[in-house]
Amino acid sequence: MVGESGHLTGRIRDRWLRLSLKQKMHLIAGFAVTVVILSIAGNVVVSGFGMQGFEQILQNNSKSLELWKAAGEEARTFKAYVDGRTGEQRADYEAARERTRQAVLALPFDYEAIGPDRYAKTWSIRNLYDNYADRRDQFLTWTEKDEGYIKELYALYQAQNYLRSYAGELELMTVEAGTARYEAMRPLFVLIPAAALFFGALAVAGVRKINRSADRSLIRPVELLAEDSARIAAND
């Protein structure tokens, strides 16, 4: 294996030595341009992955956090309206109720995108909310004189607590999933810049080598020729 590697290196060196200076310069220049282009492309890819990934993580976190806040606000305004039954309290409650509904609908619900655990938790939230919303709307048509009023009221309070608790659990799962995604992408953030530096260093080394070749092949002979011409002119 070592002999084959040395033989291959020797063949590459021989081919390099057989190239003209112009060919060497074109080869090094093309390599340098390629390195620059690949470096820029790599940085763009890394930045794109990073920005897109972070944006998705932040969006998912904000959606589950929004549900947690909305569920808490609905529970507060619901209790205030049940206790007071004023028009202003009804308006506040309806605004909070709509905010919760929108927050539930905004939760990501794609199995392939969010994975089985978050999908199962989101399904539980949607199912819980649908059942709660039906019972809540029915309850708001009742009065305190209706049979089972207090029992149903406390059942709704419990459902609101469950909804907020599930939203908090989903928020935690989303954060953990975002952290895992970042950890999976982190090697890419290191690999591409390192590769760009490595090949950039190779390009610099190649340019220095071609400069030395130019010095030996062109500049030094011209200097010697000039020295000889000067001696001839001086009848040396």
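Being a predicted model, the structure only gives us computed values, none of them experimental.

S.K.: Explain the nonpolar core residue by residue, including any values.
M.R.: Ranked by size, the top nonpolar core spans 25 residues in total, and within it Leu67, Phe78, Phe139 and Leu153 carry the most contacts. Mapped onto this core, the elements with two or more residues apiece are α2 (21–84), α3 (87–106), α4 (111–139) and α5 (149–233). Element by element, the count of residues in this core is highest for α5, at eight residues. Here Phe139 is in contact with Phe78, Val82, Tyr149, Glu152, Leu153 and Leu156, once residues within four sequence places are set aside.

S.K.: Report on the environment of Asp110, specifying residues and quantitative values.
M.R.: With respect to the helices and strands, Asp110 occurs in the loop between α3 and α4. Along the primary structure Asp110 and Thr122 are separated by twelve residues, whereas in three dimensions their C-alpha atoms are 9.9 Å apart. Not counting chain neighbours up to four residues away, the residues in contact with Asp110 comprise Gly115 and Tyr119.

S.K.: Outline α3, listing residues and values.
M.R.: In this model, α3 (20 residues) spans 29 Å end to end at C-alpha, consistent with the 28 Å of a helix rising 1.5 Å per residue. For α3, the complete set of buried residues consists of Tyr93, Ala96, Thr100, Ala103 and Val104. In an axial view of α3, the angular spread of the buried residues amounts to 100°, which keeps them on one side of the axis. Counted as exposed and oriented over 90 degrees from the buried face of α3: Gly87, Glu88 and Ala95.

S.K.: Let's hear about α4: which residues, and what values?
M.R.: If you check α4, its first and last C-alpha atoms are just 34 Å apart, much less than what 29 residues at 1.5 Å a residue would give, namely 42 Å. Its maximal kink placed at Asp117, α4 deviates by approximately 80°. Of the residues making up α4, those classed as buried are Ile114, Gly115, Arg118, Lys121, Thr122, Ile125, Leu128, Tyr129, Tyr132, Ala133, Arg136 and Phe139. Sitting at the amino-terminal end of α4 is Asp110, which places a side-chain oxygen 3.0 Å from the backbone nitrogen of Glu112.

S.K.: Break down the confidence of the model for the chain for me, with residues and values.
M.R.: Averaged over the chain, the pLDDT score is 80; the fraction of residues at 70 or greater is 65%. Across the chain, element-level confidence peaks in α3 with a mean pLDDT of 96 and bottoms out in helix α1 (residues 2–18) with 67.

S.K.: Any chance you could break down the pattern of salt bridges for me, citing the residues and the numbers?
M.R.: In total, this model carries ten salt bridges according to the counting rule given. One salt bridge connects Arg101 with Glu98, and the closest N-O pair in it is separated by 2.8 Å. Of this pair, Arg101 and Glu98 are both found in helix α3, three residues apart, which corresponds to roughly one turn of the helix. The class of Glu98 is partly exposed, set by a relative accessible area of 34%. When salt bridges with common partners are traced through the structure, they connect Glu74, Arg97, Arg136 and Asp137 into a single cluster.

S.K.: Explain the packing of α3 against α4 to me, and be specific about the residues and the numbers.
M.R.: With their axes 11 Å apart at the nearest point, α3 and α4 run at an angle of 155° to one another. Considering the angle they form, α3 stands roughly antiparallel to α4. Note that α3 runs across α4; the crossing there is left-handed. In contact with Tyr93, Arg97, Thr100, Arg101 and Val104 of α3, α4 contributes Arg126, Tyr129, Arg136 and Asp137. Its residues assigned to classes, the contact of α3 with α4 shows three nonpolar, one polar and five charged.

S.K.: Which residues make up unusual backbone geometry, and what values go with them?
M.R.: A positive phi angle, near 60°, is found at Arg85, a position not held by glycine. Tracing the backbone through its elements, the reader meets Arg85 in the loop between α2 and α3.

S.K.: Now, about the side chain of Thr77: what can you tell me, with residues and values included?
M.R.: For Thr77, the location among the structural elements is in helix α2. Judged by relative accessible area, which is 3%, Thr77 ranks as buried. Within the local environment of Thr77, its side chain forms a polar contact with the backbone oxygen of Glu74, the two atoms lying 3.2 Å apart. Contacts of Thr77, omitting those with residues within four sequence positions, involve Asp92, Tyr93 and Ala96.

What counts, and at which threshold
- Residues numbered from 1 in each chain as written.
- Predicted model: local features only at pLDDT ≥ 70, side-chain atom pairs only at ≥ 80, totals over all residues.
- Heavy atoms only, no water.
- Core = buried A, V, L, I, M, F, W, Y, C linked by side-chain atoms within 4.5 Å.
- Buried < 20%, exposed > 50% of the residue type's maximum accessible area, 1.4 Å probe, protein only.
- Helix = DSSP H or I, 4+ residues; strand = E, 2+ residues; numbered from the N terminus.
- Contact = heavy atoms within 4.5 Å.
- Expected span 1.5 Å × (residues − 1).
- Arc of directions from axis to C-beta.
- Bend = angle between axes of the 7 residues up to and from the residue.
- Polar contact = N/O pair within 3.5 Å; in protein donor to acceptor, adjacent residues only side chain to side chain.
- pLDDT = per-residue confidence, 0-100.
- Salt bridge = Lys/Arg side-chain N within 4 Å of Asp/Glu carboxyl O.
- Axes fitted to C-alpha atoms, helices over the stretch in contact; angles between N-to-C directions.
- Parallel < 35°, antiparallel > 145°, perpendicular 65-115°, else oblique.
- Left-handed = near helix turned anticlockwise from the far one by under 90°.
- Nonpolar A, V, L, I, M, F, W, Y, C, P; charged D, E, K, R; others polar.

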